[in-house]
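# Commentary on secondary and tertiary structure
Here's the letter readout for the chains.
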Amino acid sequence: MRKSVVEICDVTLRDGEQTPGVSFTCEEKKDIAEKLDAVGIEVIEAGFPSVSENEKRSVRAIAEMGLSARTCCLSRCVKSDLDAAIDCGVDLVSVFFATSDLHIRVKYKKNREEMLELALGMVDYANDHGLRVRFSAEEASRTDIGFLKEMYRRGAERGAAYSSFADTVGAMTPLEMYETVKELKKDLKNPLCVHCHNDMGFASANTITAAQAGAFQLHTTVNGIGERAGNASLEEVLVALRMNCGVDRYDLTGLTKLSKTVEKYSGICVSKTKAVVGEHAFAHESGIHIAALLKDRKTYEYFPPEMVGGEQKFILGKHTGRKGLEHILNSIGCDLTPEQVTWSLNRIKTISEGKCSITQDVLMSVIKRAKKEG
Ligand code: HCA
């Protein structure tokens, strides 16, 4: 396994908050920031100060929390945005503009060179005010790569600390991301950041692939929240870094709690089958799986639930096998004869095929009847 050299910039409080309908209070933002800091995230993107006075206050409050993580905020290539960032006292500002011809044509009434010159002026302005700059290409994945390289080169020459690549509409597959990052890295003079969206379901995969190709700063959001289909998910990226890329410095045990906190504050429900933090991430029903898990958990758990603050669950249902049922009966101190176990197993399958869940109450009533009939 080749060890990746990376840092995480979590953007839950900025791009995550751009999820339609989501708005965090200042206290909620601070709580999330504290929990991200406890995981060991290096950079927290606290917000987009020019959005509102409240937003600006929240960004400043996070910058003043004295966290180990550095703080960052977003800024268009507009002086008033940069003034707001300067006021907030963040460590890093993401100066971004859309670099694809499509966006330049539709959004700005300028050409590539005019946009780049304008943006470089903003890099100078931020540097002159003591702010470190992440020079960000929105829409980088649909931008002419020659122009992108020129932008990054000139940004670095003007003192930008990072160059950033956003797959804004999630247009890339993992292989394309790998090849693009490799190509960009040939000429880069500063570390590369990647910011991936999930429109085709590849945001986390693209982020990890980018890291494997040499990207340094990886952007994530908790639960993968964000515009449209969301962003790369923090918990998926951190687990892949730990399990497949040799990065073991993050404390992952708080991830499940962090996920629930963001679920509550954002109102965006986490799917049961969501990797790492979904209710079923470590739930098993298949008789074949449970029988093997009882011998060795590694058979059907790639990583232990405890690593991310989760827990293993055995669910009773149509696919339950005898070993799994016996294990559950044992764990609740219930001693049935082999015939009663057989009767219970058949009854559980019938109930489950009628689309009913086998809750604790249902199980108790099955056991009661098995004792009479089995
Ligand atoms: C946006 C901007 C961005 C990238 C920001 C950055 C994107 O809201 O559209 O690179 O710092 O997805 O392109 O979030």
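Definitions and limits used
- Per-chain numbering applies: the sequence of each chain, read as written, is numbered from 1 onward.
- At least 70 in pLDDT is required for a residue's local features to be given in this predicted model, at least 80 for side-chain atom pairs to be given and counted, and no such filter applies to totals for whole chains, interfaces and linings, which use all residues.
- With hydrogens and water excluded, all non-hydrogen atoms of the structure serve as input to the side-chain values.
- Buried Ala, Val, Leu, Ile, Met, Phe, Trp, Tyr and Cys residues that are joined via side-chain atoms within 4.5 Å together make up what is termed a nonpolar core.
- Only protein chains enter the area calculation, which uses a 1.4 Å probe; residues under 20% of their type maximum are buried, those over 50% are exposed, and those in between are partly exposed.
- Segment limits for the domains were obtained from an automatic or database-derived domain assignment.
- In this text, near means that some heavy atom of the residue lies within 4 Å of the molecule or strand in question.
- Contacts described as polar in this section are N or O atom pairs within 3.5 Å, which, within protein, must combine one atom able to donate a hydrogen with one able to accept it, while residues neighboring in sequence count only if both atoms come from side chains.
- Per-residue and other accessible areas follow the Shrake-Rupley method at a 1.4 Å probe size, with only the shown protein chains counted as cover for residues.
- Helical segments are the DSSP runs of H or I of at least four residues, strand segments are the runs of E of at least two, and each set is numbered from the N terminus.
- Under the grouping applied here, Gly and all other residues not named as nonpolar or charged are polar, the nonpolar ones being Ala, Val, Leu, Ile, Met, Phe, Trp, Tyr, Cys and Pro and the charged ones Asp, Glu, Lys and Arg.
- Buried area is understood as the total, over both parts, of accessible area removed when two parts are fitted together, assessed with a 1.4 Å probe.
- A pair of aromatic rings is counted whenever rings of Phe, Tyr or Trp (Trp by its six-membered ring) have centres within 6.5 Å, and the orientation is called stacked for planes under 30 degrees apart, edge-to-face for over 60 and tilted otherwise.
- Between the N-to-C directions of two axes lies an angle of 0 to 180 degrees, each axis being a line fitted to C-alpha atoms and, for a helix, fitted only over the stretch in contact.
- By definition, any crossing whose near helix is turned counterclockwise from its far helix by less than a right angle is left-handed, and any crossing with a clockwise turn is right-handed.
- Two residues qualify as a contact provided that any one of their heavy atoms is within 4.5 Å of a heavy atom in the partner residue.
- With respect to orientation, any angle under 35 degrees is reported as roughly parallel, any angle over 145 as roughly antiparallel, any angle of 65 to 115 as roughly perpendicular, and every other angle as oblique.

## Thoughts on the nonpolar core
- Counting 83 residues, the largest nonpolar core has Phe 135, Tyr 152, Phe 165, Leu 238 and Leu 241 as the members making the most contacts within it.
- Lining this core are residues from two domains, each supplying at least three of them: domain 1 (7–266) and domain 2 (283–373).
- In this structure, Leu 329, Leu 345, Ile 348 and Val 366 belong to the second largest nonpolar core, which totals 17 residues.

## Looking at the site of the ligand
- Near the ligand lie 13 residues; those nearest to it are Arg 14, Ser 94, Glu 138, Thr 168 and His 197.
- Within the side chain of Thr 168, a nitrogen or oxygen atom sits 2.6 Å from an oxygen atom of the ligand.
- Contact with the protein chains hides 95% of the accessible area of the ligand, taken as 350 Å² for the molecule alone.
- Secondary-structure elements contributing two or more residues to the shell around the ligand are strand S5 (132–138) and strand S6 (162–167).
- Broken down by element, the shell around the ligand gets its largest block of residues, 3 residues, from S5.
- Of the residues that constitute the shell around the ligand, the class distribution is 2 nonpolar, 7 polar and 4 charged.

## Considering the domain arrangement of the protein
- The domain boundaries assigned to the protein delineate domain 1 (7–266) and domain 2 (283–373).
- Just the C-alpha atoms count here: the centres of domain 1 and domain 2 sit 44 Å apart.
- For the domain 1 and domain 2 pair, buried surface summed over both sides reaches about 650 Å², with 64% attributable to carbon and sulfur atoms.
- Per-residue buried area on domain 1 facing domain 2 is highest for Val 239, Met 243 and Thr 256; these three make up 58% of the total on that side.

## Comments concerning the packing of aromatic side chains
- Tallied over the full model, the rule gives 3 aromatic pairs.
- When the ring of Phe 97 is compared with that of Phe 135, the centres are 6.3 Å apart and the planes differ by 45°; the resulting orientation is tilted. Taken together, the residues span a long stretch of sequence, with Phe 97 in strand S4 (residues 92–98) and Phe 135 in strand S5 at a distance of 38 residues. Each member of the pair, Phe 97 as well as Phe 135, carries the same accessibility label: buried.
- Ring centres of Tyr 302 and Phe 303 lie 6.4 Å apart, and the angle between their planes is 80°; on these two criteria the pair is classed as edge-to-face.
- Taking relative accessible area as the criterion, Phe 303 reaches 12% and is therefore assigned buried.

## A few points about the packing of helix H1 (residues 26–39) against helix H2 (residues 53–63)
- At a minimum axis separation of 9 Å, H1 and H2 run at an interaxial angle of 30°. Seen along the crossing, H1 lies across H2 with a hand that is right-handed. In this structure, H1 contributes Cys 26, Lys 29, Lys 30 and Ala 33 to the contact, and H2 contributes Glu 55, Ser 58, Ala 61 and Ile 62.
- Of the residues assigned to the contact of H1 with H2, the class counts are 4 nonpolar, 1 polar and 3 charged.

## Regarding the packing of helix H5 (residues 112–128) against helix H6 (residues 145–157)
- Two elements in contact, H5 and H6, have axes separated by 10 Å at closest approach and are oriented at 25°. By the angle between their directions, the pair H5 and H6 is classed as roughly parallel. H6 is crossed by H5, and the crossing has right-handed handedness. Touching Arg 112, Glu 113, Leu 116, Glu 117, Leu 120 and Val 123 of H5 are Phe 147, Glu 150, Met 151, Arg 154 and Gly 155, all from H6.

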